[in-house]
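The residues making up each chain are set out below.
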Amino acid sequence: MEEKINNNETGKIEEPEDAVITDEIDSTPAADTEDEGVVAEEAAEELTETEKLTAEVETLKTQLEKEKKDYMFLMADFDNYKKNALKQRTELIKNAAENVFKGLLPIVDDMERAIAHGEKTEDAAALREGMELIYKKLKKYMEQNGVKEMECVGEPFDSDLQEAVAMVPVADESQKGKVLDAVEKGYMINDKVLRHAKVAVGQ
């Protein structure tokens, strides 16, 4: 049986030292158990977070593979589109040239008939009239296809449209820098220069 010690100086009853030691020993395992529980809980949370990150990585990998495949398909489609566009453009140019020359064939026929007729007649006026009709027919055909003759005589010289092949001194100041004559006619096709006019310019 434990005895309580009476402290004469303070008048308080003190517990034996063995009782204090016993209490300290009893409290220690409880603290260790609590710490272990916290550690286990933190480990579980870390494992859960790792699993989440792993799942996200796998999802991103799957998405990346899908987008890579989509990109490859898109590039293949674009490559096919370029090939088809080039083929269509080539065909368009080829067909355009074919149509132009097809339209010239009747004019060539007229020229051949005129030459054959000229061998059988000495009527210069009739030959001239025939040649003028063919020329007008050719000019009309050119205009229908967007080809027009440049009107440059009397106009200021324009290096974008004309090529100066001669500089002619002029007494009239108003004629300086203007086209006096077209040595070779220039032509436009759909507002674009088909051939520059070769001109003589006043100086």
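Attention in this report is confined to the structure presented alongside it. What you see is a predicted model; the values in this text were computed from it and never measured.

**Describing the overall build of the protein**
Turning to step 1, where the next piece is worked out: Looking only at helices and strands, one finds two helices and eight strands in the protein.
Turning to step 2, where the next piece is worked out: Helices and strands in the protein line up, N terminus first, as β-β-α-α-β-β-β-β-β-β.
Turning to step 3, where the next piece is worked out: Within the span of the protein, comprising 203 residues, buried residues form 11% of the whole.
Turning to step 4, where the next piece is worked out: Residue pairs at least 24 apart in sequence account for 58% of intrachain contacts in the protein once pairs closer than 6 positions are excluded.
Turning to step 5, where the next piece is worked out: Element-wise, carbon and sulfur atoms account for 56% of the exposed surface of the protein, whose accessible area totals about 17100 Å².

**Details of the sheet that holds strand β5 (residues 179-184)**
Turning to step 1, where the next piece is worked out: Taken in spatial order, the three strands of this open sheet run β4-β8-β5, and their pairing is mixed. Whereas interior strands pair on both sides, the edge strands pair on one side only; in this sheet they are β4 (162-168) and β5. Between one strand axis and the next, the sheet turns through 30° on average, direction left out of account.
Turning to step 2, where the next piece is worked out: Of the pairings in the sheet, the one linking β4 to strand β8 (residues 197-202) comprises six bridges and is parallel in character. When the bridges of β8 are listed, Met-167 appears paired with Val-201.

**Regarding the sheet that holds strand β7 (residues 192-195)**
Turning to step 1, where the next piece is worked out: Strand order in this open sheet of three strands is β3-β6-β7, and the pairing throughout is antiparallel. Only two strands of the sheet have a single partner each, and these edge strands are β3 (147-149) and β7. Averaged over all pairs of adjacent strands, the angle between strand axes in this sheet comes to 35°, irrespective of strand direction.
Turning to step 2, where the next piece is worked out: Alignment of strand β6 (residues 187-189) against β7, held across three bridges, turns out to be antiparallel. By the bridge assignment for β7, Met-188 is matched with Val-193.
Turning to step 3, where the next piece is worked out: Contacting β3 and β6, helix α2 (residues 124-144) runs over the sheet at an angle of about 120° to β3.

**What about the nonpolar core?**
Turning to step 1, where the next piece is worked out: Among the nonpolar cores identified, the biggest contains seven residues, and these are Met-150, Cys-152, Val-179, Met-188, Ala-197, Val-199 and Val-201.
Turning to step 2, where the next piece is worked out: Val-179 has contacts with Cys-152, Val-153, Gly-154, Glu-155, Phe-157, Gln-162, Val-199 and Ala-200, leaving out every residue within four places of it along the chain.

**With respect to unusual backbone geometry**
Turning to step 1, where the next piece is worked out: Backbone geometry places Asn-190, a non-glycine residue, at a positive phi of 50°.
Turning to step 2, where the next piece is worked out: You can see Asn-190 is positioned in the loop between β6 and β7.
Turning to step 3, where the next piece is worked out: On the basis of relative accessibility, which here comes to 58%, the residue Asn-190 falls in the exposed class.
Turning to step 4, where the next piece is worked out: Positive phi, normally seen in glycine, also occurs at Asp-191, with a value near 65°.
Turning to step 5, where the next piece is worked out: Assignment of secondary structure puts Asp-191 in the loop between β6 and β7.

**Looking at the pattern of salt bridges**
Turning to step 1, where the next piece is worked out: Scanning the entire structure with this criterion turns up nine salt bridges.
Turning to step 2, where the next piece is worked out: In this structure, Lys-66 and Asp-70 form a salt bridge, with 3.2 Å as the shortest nitrogen-oxygen distance. Taken together, the residues span about one helical turn, with Lys-66 and Asp-70 both in helix α1 (residues 17-118) at a distance of four residues.
Turning to step 3, where the next piece is worked out: Residue classification places Lys-66 among the exposed positions, given a relative accessible area of 56%.
Turning to step 4, where the next piece is worked out: For Asp-70, a relative accessible area of 38% translates into the label partly exposed.

Cut-offs applied
Residue indices follow the written sequence of each chain, beginning from 1 at its first position. Per-residue local features of the predicted model are confined to residues with pLDDT of at least 70, and side-chain atom pairs are confined, for both listing and counting, to 80 or more; whole-chain, interface and lining totals are unaffected and use all residues. As a rule here, side-chain values come from all non-hydrogen atoms in the structure, and water together with hydrogens is ignored. Labels follow the DSSP assignment, with helices taken as runs of H or I lasting at least four residues and strands as runs of E lasting at least two, numbered in each case from the N terminus. Exposed residues in this analysis have more than 50% of their type's maximum accessible area, buried residues have under 20%, and partly exposed residues fall in between, with area computed by a 1.4 Å probe over protein chains only. Note on definitions: a residue-residue contact is assigned when non-hydrogen atoms from the two residues lie within 4.5 Å. For accessible areas, the Shrake-Rupley method is used with a probe of radius 1.4 Å. Any residue's cover is judged against the shown protein chains and nothing else. Pairing between two strands requires that DSSP report at least two bridges joining them. To get an axis, a line is fitted to the C-alpha atoms, and for a helix only the part in contact is used. The angle between two axes follows their N-to-C directions and goes from 0 to 180 degrees. In this text, buried Ala, Val, Leu, Ile, Met, Phe, Trp, Tyr and Cys residues form a nonpolar core when linked through side-chain atoms within 4.5 Å. Salt bridge criterion: a side-chain nitrogen from Lys or Arg within 4 Å of a carboxyl oxygen from Asp or Glu.

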